[in-house]
There are 2 protein chains.
Amino acid sequence: MLYIIGLGLGDEKDITLRGLEAVKKCEKVYMEAYTSLLSFGLSTDGLSTLENLYGKPITFADREMVEEKADDILSSARTSDVAFLVVGDPFGATTHTDLVVRAKELGIDFKVVHNASVMNAVGICGLQLYRYGETVSIPFFTDTWRPDSFYEKIKRNRELGLHTLCLLDIRVKEPSWESLSRGRKKYEPPRYMTINTAIEQLLEIEERRGESAYNEDTRCVGFARLGSEDQMIVTGTMKQLLAVDFGAPLHCLVIVGKTHPLEEEMLDVYKLEGGSPHQKDDGSV
Amino acid sequence: MLYIIGLGLGDEKDITLRGLEAVKKCEKVYMEAYTSLLSFGLSTDGLSTLENLYGKPITFADREMVEEKADDILSSARTSDVAFLVVGDPFGATTHTDLVVRAKELGIDFKVVHNASVMNAVGICGLQLYRYGETVSIPFFTDTWRPDSFYEKIKRNRELGLHTLCLLDIRVKEPSWESLSRGRKKYEPPRYMTINTAIEQLLEIEERRGESAYNEDTRCVGFARLGSEDQMIVTGTMKQLLAVDFGAPLHCLVIVGKTHPLEEEMLDVYKLEGGSPHQKDDGSV
């Protein structure tokens, strides 16, 4: 049996009892590490918090391993219980469907243990989840690559009065162009887009396109470290949020659409007061 | 401190370690019971599974209580730690923002413990969550009230190639019209819309409107008891799903938009074969 287990957003305490029970009975435990090293404060040679909790070693499965070595994971799952751990929900922002499809083809049973992901946890800002349009991704611009496909989608959502969740780029273990040209893989340091960079890029595209999808007075909600003890949530205009230091990653951004009164009241809980968010050190508000 | 704690979708094992730790230190524990009695197999006088797990009594807070007696909950939270338990994620399909807004007004700190909700757990069918448009709600039709506001939204989503999550009506503790007219509140038995009823209503509205938003050959995914051990997920056309017995509630439905190849492969995992879904008794596939 292949268990695909969501770990939630914060740290090792965000696994569910169901998930923990499954991990404890598995013979092998793999952990997806595309975004997880960060949010769980781990390094490749130090998964100790989780290993202590689970009482067994974890095999760190980076992006390449999941793609290239899925056969190993699946052949273990054919004869024993194997856990594959994923930050957030297994089918949240990133996809692990390939592993499931291959398991199915090989006749290996699977079970999914769900958890919170950014896709539903943004509900904490008070904007109703059923009033969101299509989600967009904001990629890091380079000198020569400044794509704007998110612009149409945001424009359409706003015309319909819908909120837009913007997922911000994460670059982890990307082979550098320089190393690829030399035939040896060397990796760039990880990069996580900040809310500030995302807003700069959004405003650059509005400037270029000029179709008034949004502007610097458009209201947004910035989220940093959502679901962690030290999460930070701030409501303000794009211009206001540009001046906020949201601290460590991960960040994401919601562009506010048409609101109902109760949504407004909740947004007020997170609004900037005198230029700085009224949030306490322990993440409570 | 007011802790608002998501319980997830299945049963008592779907609480997170963080959530359980918070409940255990709270002096009072309230539980929202709008949809929860059902999914957690509880009755108003028998919250024993949860009470045993938590080691303390739970005050059952039905819809009226949350609305009318929020003051009691909040005044307890002013001087001690109070937990308010919610099925799914606290800010999933239903709203608990009012309680948070009032806590904030009274200067009471709050913390949210996230969990899975239907809004992200539907990701298990393989349709990417960022390719969903606005969510719609399908209300129970009556003889005189057959609203179709969902039709425009589905049509728009499908024109854009987006998937549509349809939340199906739940009627719990609704005062009956008869009892209201007599001045005494008596409640209707709870009603939960099935996928079959939802599809019948959807097709009736397509028949009436005739704008080809969808038809009986439109592909859908039906979900019953999502996140539970005995969940059932079936892909098929509206016509095919009409003939499927999905069993006990809760049900929800996704109308499939334009798909990518990997989404197709994953949908195939759940497709009808020879008229019945290939799902085992324990909910695994």
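Residues numbered from 1 in each chain as written. Chains lettered and ligands numbered in written order. Predicted model: local features only at pLDDT ≥ 70, side-chain atom pairs only at ≥ 80, totals over all residues. Heavy atoms only, no water.

Undergrad: I would appreciate a short explanation of the interface of chain B and chain A in the present structure.
TA: Note on interface size: it is often stated as the accessible area lost on association of the parts. Counting residues at the interface gives 62 residues for chain B and 62 residues for chain A. For the pair chain B and chain A, the summed buried surface comes to about 5,300 Å²; carbon and sulfur atoms form 58% of the total. It is L17(B), R18(B) and H114(B) that lose the most area in chain B upon contact with chain A, and together they represent 13% of the buried surface on that side. For the pair chain B and chain A, the interface holds 12 salt bridges. (Contact = heavy atoms within 4.5 Å. Buried area = accessible area lost by both parts, 1.4 Å probe. Salt bridge = Lys/Arg side-chain N within 4 Å of Asp/Glu carboxyl O.)

Undergrad: How should the packing of helix α6 (residues 97–105) of chain A against helix α12 (residues 261–269) of chain B be read in this particular structure?
TA: When two helices pack together, their arrangement is given by the angle between the helix axes and the distance between those axes. α12(B) packs onto α6(A) with a crossing angle of 45° between their chain directions and a minimal axis gap of 9 Å. Accordingly, the angle class assigned to the pair α6(A) and α12(B) is oblique. Between α6(A) and α12(B) lies a crossing whose hand is left-handed. Listed contacts from α12(B) to T97(A), D98(A), V100(A), V101(A) and K104(A) of α6(A) are L262(B), E265(B), M266(B) and V269(B). Tallied by class, the residues present in the contact of α6(A) with α12(B) amount to five nonpolar, one polar and three charged. (Axes fitted to C-alpha atoms, helices over the stretch in contact; angles between N-to-C directions. Helix = DSSP H or I, 4+ residues; strand = E, 2+ residues; numbered from the N terminus. Parallel < 35°, antiparallel > 145°, perpendicular 65-115°, else oblique. Left-handed = near helix turned anticlockwise from the far one by under 90°. Nonpolar A, V, L, I, M, F, W, Y, C, P; charged D, E, K, R; others polar.)

Undergrad: Explanation requested: the nonpolar core in the structure shown.
TA: Across soluble globular proteins, you tend to see nonpolar side chains buried next to one another. If you look at the biggest cluster of nonpolar residues, it comprises 90 residues, and the most contacted ones within it are L2(A), F84(A), F223(A), L2(B), F84(B), V122(B) and F223(B). Here L2(A) is in contact with I73(A), L74(A), A77(A), V82(A), F84(A), L99(A), A103(A), I108(A), D109(A), F110(A) and K111(A), once residues within four sequence places are set aside. In terms of nonpolar packing, the next biggest core, distinct from the first, is built from 38 residues, Y3(A), M31(A), A83(A) and L17(B) among them. (Core = buried A, V, L, I, M, F, W, Y, C linked by side-chain atoms within 4.5 Å. Buried < 20%, exposed > 50% of the residue type's maximum accessible area, 1.4 Å probe, protein only.)

Undergrad: Mind showing me how you'd approach the sheet that holds strand β10 (residues 219–224) of chain B here?
TA: By definition, the strands of a sheet pair up through backbone hydrogen bonds, in either a parallel or an antiparallel sense. Residues and elements named next belong to chain B. Within the open sheet, the five strands sit side by side as β6-β7-β12-β10-β11. Their pairing is mixed. Both edges of this open sheet fall to β6 (136–138) and β11 (232–237), since each of them pairs with a single strand only. Sheet twist, expressed as the mean angle between neighbouring strand axes with direction ignored, is 25°. One ladder, built from three bridges, connects β6 with strand β7 (residues 164–168); its direction is parallel. When the bridges of β7 are listed, I138 appears paired with L168. (Pairing = 2+ DSSP bridges.)

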